[in-house]
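Inside the fold
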Amino acid sequence: MQDINASIDVDKRLWAQDIAASKAHANMLEAAGLLSNEDARAILHGLDTIASEIAEGRFIFRKEHEDIHLNVETRLAELIGPAAGRLHTARSRNDQVATDFKLWVRDACDEIDRAFLDLQRAFLDQAEAHADTVMPGFTHLQTAQPVTFGHHCLAYVEMFARDRGRFCDARARLNVNPLGSAALAGTSFALNREMTTKALGFAEASRNSLDAVSDRDFALEFLGAAAIAGVHLSRFAEEIVVWCSAPFGFVRLTDAFSTGSSIMPQKRNPDAAELVRAKSGALFAASQRLLVVMKGLALAYAKDMQDDKATVFEAFDTLALMIAATAGMVRDLTPDAARMREAAEGGYSTATDLADWLVRAAGVPFREAHHIAGRAVKRAEALGLKLPDLPLGELQAIDARINGDVYSVLSVDASVRSRTSFGGTAPQNVLSQIQFWRGKLA
Ligand code: ARG
């Protein structure tokens, strides 16, 4: 029974929140006349002693006391005697654990937010250094149109901004104080819930005791946000893996972020990226795991919910590690501008620019222009030439409306420079977006 029932090995991580919530509760009980001044002093002093014991590694967590709440309470009784028993007036472990865990997840949201901010800054630095470094943009992983590496980096700045938004929303929604809901029905004691709400930095007190003790939406939202963030981190990791491969060779990681092979001396494996990609699976699983735990539970508390903490703690640790490793890789990597340009110049990446030129210079409807450009690509392919190297005579044989001006749009540099529509890849856009983000992240 003890082995399956005890959660102390996991929930000892809530100790600081447990003590903070107990202190808030004790102060409130005293103010409400439910605890004598003398007992309140003893309890608060005892809780501070326990906090230092835990912080200094001198506290012995005992499985026979089941969880963090009972470990703290038992120790308090050892330290101050029977007065310790008064702390649990008008309280249950059900509202206690909901409160502690919300406080923990609130801090976790802040920590993840800070980590993502750091990652965004790493991407911004790369974007700034490579605002006009040309690379192929892909759809279907086929060369599509030239873009800049800076623009590509800024795509991730956008993604992680949305991730931060999700953690920020989750934090705002969770900030409702369950303490005072007691076991499930509220309490007959005249509590001042406003007081503990303020003391613990919550925005308001929960309005329904049944909901307050059985709500784990905040954990589910944290895991949901983590899962989506995991998708983003994994997609970038996949790009690193592809870019580092010899056939691509778009970026190089230093030895600090590459590993060798025990048999093939030439290998430089992007293990950190592969592990970020793999660990996203743990985030998806965590989200699924808690959804499944919660979905069948009648109101209010059920012990199933004790498993929420291992799930969230593991997901938090995994996500924090993934973000840190990704930021490390972003700072470490050097793009190979020559390789990326060479790749961008292959694959007829400026065929759309030829079609656009026909629309603009010769008034050709886009659908027809698209067809003409397609024929030019075919011809270039047959001659083994890149599009900008196709002689004018060849182009004019396809369509007589083409003249020498067309060459001004066929280079990859001209192509990216022309993409000045708001949100487009033009280096000047990239620079102004960097400015926007620097201001926003300051
Ligand atoms: N360790 C428990 C948990 O994490 C605390 C709440 C226990 N409540 C109860 N009624 N047994 O869920």
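Structure first, text after, so check above.
The following refers to the structure shown. A quick note: this is a predicted structure, and the numbers were derived from the prediction, not measured.

Observations concerning the pattern of salt bridges
- Scanning all chains against the criterion turns up 31 salt bridges.
- Residue Asp317 is joined to Arg13 by a salt bridge in which the shortest nitrogen-to-oxygen separation is 2.7 Å. Taken together, the residues Asp317 in helix α12 (residues 308-332) and Arg13 in the loop between α2 (8-11) and α3 (15-31) connect sequence positions 304 residues apart.
- Arg13 sits in the partly exposed class, given a relative accessible area of 32%.
- Arg173 is the partner of Glu221 in a salt bridge, and the nearest nitrogen-oxygen pair spans 2.7 Å.

A short note on the environment of Ala225
- Among the structural elements, Ala225 can be located in helix α10 (residues 217-244).
- Residue Ala225 is classed as buried on the basis of its relative accessible area, which comes to 4%.
- Separated by 58 residues in sequence, Ala225 and Leu283 place their C-alpha atoms 9.5 Å apart.
- Setting aside residues up to four positions removed in sequence, Ala225 forms contacts with Asp163, Arg166 and Phe167.

Brief notes about α3
- Here α3 is 17 residues long and its end C-alpha atoms lie 24 Å apart, about the 24 Å a rise of 1.5 Å per residue gives.
- Those residues of α3 not exposed but buried are Gln17, Asp18, Ile19, Ala21, Ser22, Ala24, His25, Ala26, Met28, Leu29 and Glu30.
- Each element contacted by the buried residues of α3 is listed here: α4 (37-55), α5 (68-80), α6 (93-129) and α8 (193-199).
- Backbone geometry just downstream of α3 places Gly33 in the positive-phi region, at approximately 75°.

Quick notes on the environment of Ser287
- Counting through the fold element by element, Ser287 comes out in helix α11 (residues 271-295).
- Sequence separation between Ser287 and Lys309 is 22 residues, and the spatial gap between their C-alpha atoms is 12 Å.
- With near-sequence residues (within four places) excluded, Ser287 lies in contact with Leu223, Gly224 and Ala227.

Description of the nonpolar core
- Core analysis: the largest hydrophobic core is formed by 87 residues, its most contacted members being Phe222 and Leu319.
- Of all the elements, α10 adds the most residues to this core, at 15 residues.
- Not counting the four nearest positions on each side in its chain, Leu319 is found in contact with Ile112, Phe116, Phe167, Ala226, Ala229, Leu233 and Leu283.
- Formed by 20 residues, the second largest nonpolar core is a distinct cluster that contains Leu354, Ala369, Ala373 and Val406.

Describing the packing of aromatic side chains
- Applying the stated rule across the entire model yields 19 aromatic pairs.
- Each residue in the set Phe116, Phe123, Phe149, Tyr156, Phe160, Phe167, Phe222, Phe236 and Trp243 is aromatic and connected to the rest through ring pairs, giving one cluster.
- The ring of Phe313 carries Arg13 above its face, with NZ or CZ at 5.0 Å from the centroid.
- The lysine or arginine in question, Arg106, covers the ring of Phe202, its NZ or CZ lying 5.3 Å from the ring centre.

Conventions we followed
Residues numbered from 1 in each chain as written. Predicted model: local features only at pLDDT ≥ 70, side-chain atom pairs only at ≥ 80, totals over all residues. Heavy atoms only, no water. Salt bridge = Lys/Arg side-chain N within 4 Å of Asp/Glu carboxyl O. Helix = DSSP H or I, 4+ residues; strand = E, 2+ residues; numbered from the N terminus. Buried < 20%, exposed > 50% of the residue type's maximum accessible area, 1.4 Å probe, protein only. Contact = heavy atoms within 4.5 Å. Expected span 1.5 Å × (residues − 1). Core = buried A, V, L, I, M, F, W, Y, C linked by side-chain atoms within 4.5 Å. Phe/Tyr/Trp six-rings, centres within 6.5 Å; stacked < 30°, edge-to-face > 60°. Lys NZ or Arg CZ within 6 Å of the ring centre and 35° of its normal.

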